[in-house]
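Here's the letter readout for the chains.
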Amino acid sequence: MRFLIVRTDIRAVAETDITAAWAGGRRLRDETTRPEPRRQVVHAEDRDAALLLARALATVGAVRSGKQRVKVLPLDAPTHRRTRPGGPGT
């Protein structure tokens, strides 16, 4: 499975927006409608490589101070296999 590792800026949110979102039962940040600005984008071919790159990006000063964040996003749909708790023969 391929992964996208993204370092983004965190948008500042007013306290009134937090209160309104909490009271209305809606999301404060919705990445599908308004994504955070990207600073850096890296691709990885497997999960271990993606996590290693994410750890490296997490050492950036802006990430450590809480002004930016690192996200690991799967690009391919995961394959789901259903198995019974006792195994396939039960």
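Preceding this section is the structure that the text describes.
These numbers come from a predicted model, not from an experiment.

When you look at the pairing of strand β1 (residues 3-9) in this model, what are you seeing that I'm missing?
In regular strands, side chains alternate between the two faces of the sheet. With respect to burial, β1 is a largely interior element, 7 of its 7 residues being buried. The two faces of β1 match: F3, I5, R7 and D9 on one face and L4, V6 and T8 on the other face are all buried. In this structure, β1 lies alongside strand β2 (residues 38-44), joined through 6 bridges in antiparallel fashion. Residue pairing across strands places F3 opposite A44, the latter belonging to β2. Here β1 pairs with strand β3 (residues 68-74) via 7 bridges, running antiparallel. Across the sheet, the residue bridging to V6 is K71, located in β3.

It is not clear to me how the side chain of T8 should be interpreted in this structure. Could you clarify?
In this fold, T8 is placed in strand β1. Only 2.9 Å separates the side chain of T8 from the side chain of E36, close enough to count as a polar contact. Excluding its chain neighbours within four sequence positions, the residues that come into contact with T8 are E36, P37, R38, R39, K67, Q68, R69 and K71.

Would you take a moment to explain the pattern of salt bridges for this structure?
Two side chains bearing opposite charge may form a pair once their charged atoms approach each other closely. What the rule picks out here adds up to 4 salt bridges. Residue D76 pairs with R2 through a salt bridge whose shortest N-O separation is 3.6 Å. Of this pair, D76 sits in the segment after β3 while R2 sits in the segment before β1, and the two are 74 residues apart along the sequence. You can call R2 partly exposed: its relative accessible area is 38%. Across the pair E36 and K71 runs a salt bridge whose closest N-O atoms are separated by 3.1 Å. Taken together, the positions of E36 in the loop between α1 (15-24) and β2 and K71 in strand β3 put the pair 35 residues apart, joining distant regions of the chain.

I tried to follow the environment of L75 on my own but got confused; where do I start?
Structurally, L75 can be placed in the segment after β3. Taking the C-alpha atoms as reference points, L75 and E45, 30 residues apart in sequence, are found 9.8 Å from one another. With sequence-adjacent residues up to four places away left out, L75 is seen in contact with R2, F3, L4 and H43.

It is not clear to me how the sheet that holds β2 should be interpreted in this structure. Could you clarify?
Sheets are built from strands that pair by backbone hydrogen bonding, the pairs being arranged parallel or antiparallel. The strand order across the open sheet formed by 3 strands is β2-β1-β3, and the pairing between neighbours is antiparallel. The open sheet has two edge strands with one neighbour each: β2 and β3. Strand-to-strand, the axes of this sheet are offset by a mean angle of 15 degrees, without reference to chain direction.

What should I look at first to understand the environment of D9 in this one?
Inspection of the secondary structure assignment puts D9 in strand β1. Judged by its relative accessible area of 18%, D9 is buried. Separated by 31 residues in the primary sequence, D9 and Q40 have C-alpha atoms spaced 9.9 Å apart. A distance of 3.1 Å separates the side chain of D9 from the side chain of Q68, its partner in a polar contact.

Calculation rules
Residues numbered from 1 in each chain as written. Predicted model: local features only at pLDDT ≥ 70, side-chain atom pairs only at ≥ 80, totals over all residues. Heavy atoms only, no water. Buried < 20%, exposed > 50% of the residue type's maximum accessible area, 1.4 Å probe, protein only. Helix = DSSP H or I, 4+ residues; strand = E, 2+ residues; numbered from the N terminus. Pairing = 2+ DSSP bridges. Polar contact = N/O pair within 3.5 Å; in protein donor to acceptor, adjacent residues only side chain to side chain. Contact = heavy atoms within 4.5 Å. Salt bridge = Lys/Arg side-chain N within 4 Å of Asp/Glu carboxyl O. Axes fitted to C-alpha atoms, helices over the stretch in contact; angles between N-to-C directions.

Honestly, it's all geometry; don't read function into it.
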